[in-house]
Amino acid sequence: MTRIPPNSPPISVQALFDRAEGIAGRTLGELGADANIVVPEHFKQHKGFTGQLLELWLGATAGSKQQQDFPDLGIELKTIPIDHQGKVLETTYVCYVHLLSHIAEQWHTSAVRNKLGQVLFIPVIGERAIPPAQRTVGMPILWQPNDQEKAILQQDWEELMEQISLGQIESITSKLGEALHIRPKAANGEALTDAIGASGQIIQTRPRGFYLRKNFTQSLLNRAFDL
DNA sequence: TGATGATCATCT
DNA sequence: AGATGATCATCA
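Residues numbered from 1 in each chain as written. Chains lettered and ligands numbered in written order. Predicted model: local features only at pLDDT ≥ 70, side-chain atom pairs only at ≥ 80, totals over all residues. Heavy atoms only, no water.

Draft legend 1. How the structure looks around the overall build of chain A. A count of helical and extended segments in chain A gives 6 helices and 8 strands. Each helix (α) and strand (β) of chain A, taken in turn from the N terminus, gives the series α-α-α-β-β-α-β-β-α-β-β-β-β-α. For 227 residues, the compact-globule formula gives about 17 Å, and the C-alpha radius of gyration of chain A, at 18 Å, lands near that figure. When its C-alpha atoms are laid out on the principal axes, chain A stretches across 60 × 40 × 35 Å. Within chain A, the fraction of its 227 residues that count as buried is 41%. (Helix = DSSP H or I, 4+ residues; strand = E, 2+ residues; numbered from the N terminus. Rg over C-alpha atoms; globule rule 2.2 N^0.38 Å. Buried < 20%, exposed > 50% of the residue type's maximum accessible area, 1.4 Å probe, protein only.)

Draft legend 2. Expanded view of the nonpolar core. One finds Val 112, Trp 143, Leu 153 and Phe 210 to be the most contacted residues of the largest nonpolar core, which totals 32 residues. Going through the elements one at a time, β1 (76–82), β2 (92–96), β3 (119–125), β4 (141–143), α5 (147–165), β5 (180–184), β8 (208–212) and α6 (214–225) are the ones with two or more residues in this core. A per-element tally of this core places α5 first, with 6 residues. Those residues in contact with Trp 143 that lie beyond four places of it in its chain are Leu 116, Gly 117, Gln 118, Val 119, Phe 121, Glu 149, Leu 153, Phe 216, Leu 220 and Arg 223. (Core = buried A, V, L, I, M, F, W, Y, C linked by side-chain atoms within 4.5 Å. Contact = heavy atoms within 4.5 Å.)

Draft legend 3. Main features of the environment of Arg 135. Here Arg 135 is to be found in the loop between β3 and β4. Separated by 54 residues in sequence, Arg 135 and Pro 81 have C-alpha atoms that sit 9.7 Å apart.

Draft legend 4. Just the sheet that holds β3, in detail. If you walk across this open sheet you meet the 3 strands as β1-β3-β4, and the pairing is mixed. Only two strands of the sheet have a single neighbouring strand rather than two, namely β1 and β4. Averaged over all pairs of adjacent strands, the angle between their axes in this sheet comes to 30°, without regard to strand direction. Note: β1 against β3, 7 bridges, orientation parallel. Bridge pairing links Pro 81 to Val 124 in β3. Contacts between helix α3 (residues 49–58) and the sheet are confined to β1 and β3, with β1 contributing the most and set at about 130° to the helix. (Pairing = 2+ DSSP bridges. Axes fitted to C-alpha atoms, helices over the stretch in contact; angles between N-to-C directions.)

Draft legend 5. Broad picture of the packing of aromatic side chains. Under the defined criterion, the tally for this structure stands at 5 aromatic pairs. Taken together, the ring pairs in this structure connect Phe 121, Trp 143 and Phe 216 into an aromatic cluster. Taking the ring centre of Tyr 211 as reference, the NZ or CZ of Arg 183 above it sits at 4.1 Å. (Phe/Tyr/Trp six-rings, centres within 6.5 Å; stacked < 30°, edge-to-face > 60°. Lys NZ or Arg CZ within 6 Å of the ring centre and 35° of its normal.)

Draft legend 6. The pattern of salt bridges, seen in detail. This model, assessed by the stated rule, comprises 7 salt bridges. Ionic pairing is found between Glu 90 and Arg 128, a salt bridge with its closest N-O pair at 3.7 Å. One end of the pair, Glu 90, is in the loop between β1 and β2; the other, Arg 128, is in the loop between β3 and β4, and 38 residues separate them in sequence. Among the residues examined, Glu 90 registers a relative accessible area of 37% and is labelled partly exposed. (Salt bridge = Lys/Arg side-chain N within 4 Å of Asp/Glu carboxyl O.)

Draft legend 7. Representation of the side chain of Thr 217 in the model. Along the chain, the position of Thr 217 falls in helix α6. On the accessibility criterion, Thr 217 (1% relative accessible area) is buried. Of note is the side chain of Thr 217, whose polar atom sits 3.1 Å from the backbone oxygen of Lys 214. Contact partners of Thr 217, with chain neighbours within four places excluded, come to Ile 80, Val 88, Thr 92, Phe 121 and Leu 212. (Polar contact = N/O pair within 3.5 Å; in protein donor to acceptor, adjacent residues only side chain to side chain.)

See the structure below:
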């Protein structure tokens, strides 16, 4: 059993998957202790802790990156909080929404498609009643969207981006989009960024992010675990 | 109780 | 300000 985090990136998809399987069943407390990292008592002020701890254990480059977590392998890493019955507890952040600079972008070159081309999902039993240190890492899932999922994602993305390019960003709520939707994404309500207004003018609005709905990630987990 | 909208830490 | 990692907290 691996007792120390790796000091280099995995050289293959199999090597990455093996690492992920190697930490399955362990708690965040154990993984933190073996890495000499203190696990917070709660995530109120450490919301990205789980993701960063698993990045360390899998050998992703430390710090935030602009593309995939394992660019040489073409794989994005996502931790997904579930309850003890395998139920997805939160939506999954995909990437920032470019409200001005990429509005003419096409689906096939989009950041969303790039990020979701191949994803290593690692479930973590993360019910709020369970202290972070006692939360358990689950079996990894290497996911590639099937044809139906690809079609839904593309359709949602195109619909959302069309609204943005038409100056309807303020009209977009998180209800729009079957699998992919848009919600605010910022450090606080003060943050503003440029976007296209209803009359074609530049307006200031709150930054947004793309997120996967819970039912979408749930179905992909179910498929992987044959539930 | 779940979904929506808001927020936290950190780095570039 | 933009982007990474997400979870929190409120309200319907």
